[in-house]
Amino acid sequence: MDIRILPASASAYEPDTYSRFTGWRNNYQLQNHQEIRQMDGNQSKTPGTTCENAQKLLQLEHLATGIPRTNWTLDEVRSIYTAPFADLMHAAQQVHRQNFDPNEVQISTLCSVKTGGCPEDCGYCPQSIRYNTDVENEPLMELDEVIANATVAKQEGATRFCMGAAWRSPKPKQMDQIVAMVEAVNDLGMETCATLGMLQPEQAQQLKDAGLDYYNHNLDTSANYYKHIITTRTYQNRLDTLQSVRDAGLKVCCGGIVGMGEEETDRADLLHTLATLPEHPGSVPINQLVQVEGTPLAATRTFDALEFVRMIATARILMPRSHVRLSAGRENMDDSTQALCFLAGANSIFYGEKLLTTGNPETEADRQLMAKLGINPEPGKANESSV
């Protein structure tokens, strides 16, 4: 059996080199799979679990093509999510290399331009007026302060500046103020993103006209488990906002939160919904619940780190050309867990000490981790336009 190794000087994500590499790999796998089928035909020579795992591997490799599709079945998603861990990681890394530089990470900074006072009852959120937390209701941030925050973020290496407001949906006057912020951040040469709650079609178009690049609106969890997390906004409300965003020509940033007491099937269902939207989100933030005292989910059991890595790897396979972001909860992850997430296909992080109202790893800690892993920041739109 002839097994060739990709030359150290070659880059697996360069199309020509990758094609040669996958050709060698597929020749090897073809011979290996023939041996697997022979074993399957004579199970007396091998343990039953060997053939079962071999069949799972064949199915996983059949599904992990690295080519975007939006017609995933729920059974396919669940089979990927529950694959043996080593096989899942291997498949996710191959898909990642097929579509991205595996040693680059897109860096964003999130700024809360309107904190607290939200009328919604999201069980995880300390900004809700319904819960007794330390978060105060603050007015909308002044434009000069937003520009100052964005300038610092750019100096620290962020290429995208995300503005979040704790609203159910923005009012006309608030929209005018947000538009001014978007235009000002655009003038700095950064990508812009906003998360403002539910949008009407005309509001999405207003943001598009202002130059907004991305709009974030997460689904949070599965449609089935959603009622246990929030009752003041329906799942369909969220899907309708995403449709308005797409119709306006904005890029979608949409993901969810894990560790809220949901079952494994709920996590797979969430990924299935994301991967079968009319278009895959450009960014897919995977959040781990940050337990905040005073919120209903403050006492939720700690989420398993390897289960979080499974979410990342499955998202990478299902949405091969989306940026999969390590989002909230990263402060509680050690370097090893984050390294596994990058290996599984995560290629975006939030930079900075705070995410809206909860903590985030300090910028210097992120720099040190990226240096240890040999990861570089992905160029921003200003750099790309000058190349």
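Structural data are supplied above this passage.
Rules behind the numbers
- Once a new chain begins, its residue numbering starts again from 1 and follows that chain's sequence as written.
- Residues qualify for local features only when their pLDDT is at least 70, as the model is predicted, and side-chain atom pairs are given and counted only at 80 or more; totals for whole chains, interfaces and linings, by contrast, use all residues.
- To obtain the side-chain values, all non-hydrogen atoms of the structure were included, while hydrogens and water were left out.
- Aromatic rings from Phe, Tyr and Trp, with only the six-membered ring used for Trp, were paired whenever their centres fell within 6.5 Å, and each pair was classed as stacked if the ring planes differed by under 30 degrees, edge-to-face if by over 60, and tilted otherwise.
- Buried means the residue's accessible area, taken with a 1.4 Å probe over protein chains only, is under 20% of the maximum for its type, while exposed means over 50%, and partly exposed covers the values in between.
- Here, a charge over a ring is recorded when the distance from Lys NZ or Arg CZ to the ring centre is within 6 Å and its angle to the ring normal is within 35 degrees.
- Secondary structure elements follow DSSP: runs of H or I no shorter than four residues count as helices, runs of E no shorter than two count as strands, and numbering proceeds from the N terminus.
- Two residues qualify as a contact provided that any one of their heavy atoms is within 4.5 Å of a heavy atom in the partner residue.
- A strand pair is defined by DSSP finding two or more bridges across the two strands.
- Crossover handedness is defined by viewing with both strands directed away from the observer: a clockwise path from the first strand over the helix to the second marks the crossover as right-handed.

**Q** Even after reading the chapter, I still don't get the packing of aromatic side chains, so can you show me in this structure?
**A** Remark: the centre distance and the inter-plane angle together describe each pair of aromatic rings, the angle taken between the planes. Inspection of every chain in the model, using the stated rule, returns one aromatic pair. Judged by centre distance (5.2 Å) and plane angle (75°), the ring pair of Tyr-226 and Tyr-235 falls under edge-to-face. Each of the two residues, Tyr-226 as well as Tyr-235, counts as buried. Positioned above the aromatic ring of Tyr-214 is the side chain of Arg-160, whose terminal nitrogen or guanidinium carbon lies 3.8 Å from the ring centre. The ring of Phe-350 has Arg-325 lying over it, and the distance from NZ or CZ to the ring centre is 4.8 Å.

**Q** Sorry if this is basic, but what is going on with the environment of Leu-289 here?
**A** You can see Leu-289 is positioned in the loop between strand 7 (283-288) and helix 10 (305-318). In this structure, the C-alpha to C-alpha distance between Leu-289 and Val-258, residues 31 residues apart in sequence, is 6.0 Å.

**Q** How should I be thinking about the environment of Ala-275 in this particular structure?
**A** Within the secondary structure, Ala-275 is located in helix 9 (residues 264-275). Since its relative accessible area comes to 0%, Ala-275 is described here as buried. Between the C-alpha atom of Ala-275 and that of Met-319, which follows or precedes it by 44 residues, the distance is 6.1 Å. Once residues within four sequence positions are removed from consideration, Ala-275 is found in contact with Arg-69, Thr-70, Trp-72, His-280, Leu-318 and Met-319.

**Q** Explain the pairing of strand 8 (residues 323-326) to me, please; I cannot follow it from the model alone.
**A** The side-chain alternation of strand 8 yields two buried faces, one formed by His-323 and Arg-325 and the other by Val-324 and Leu-326. As paired strands, strand 7 and strand 8 are joined by four bridges and run parallel to one another. Looking across to strand 8, one finds that Val-284 is bridged to Val-324. Traced from strand 7 through helix 10 to strand 8, the parallel crossover comes out right-handed. As defined by bridge partners, strand 8 adjoins strand 9 (residues 348-350) across two bridges and the pair is classed as parallel. Its bridge partner lying in strand 9, Leu-326 is registered against Ile-349.

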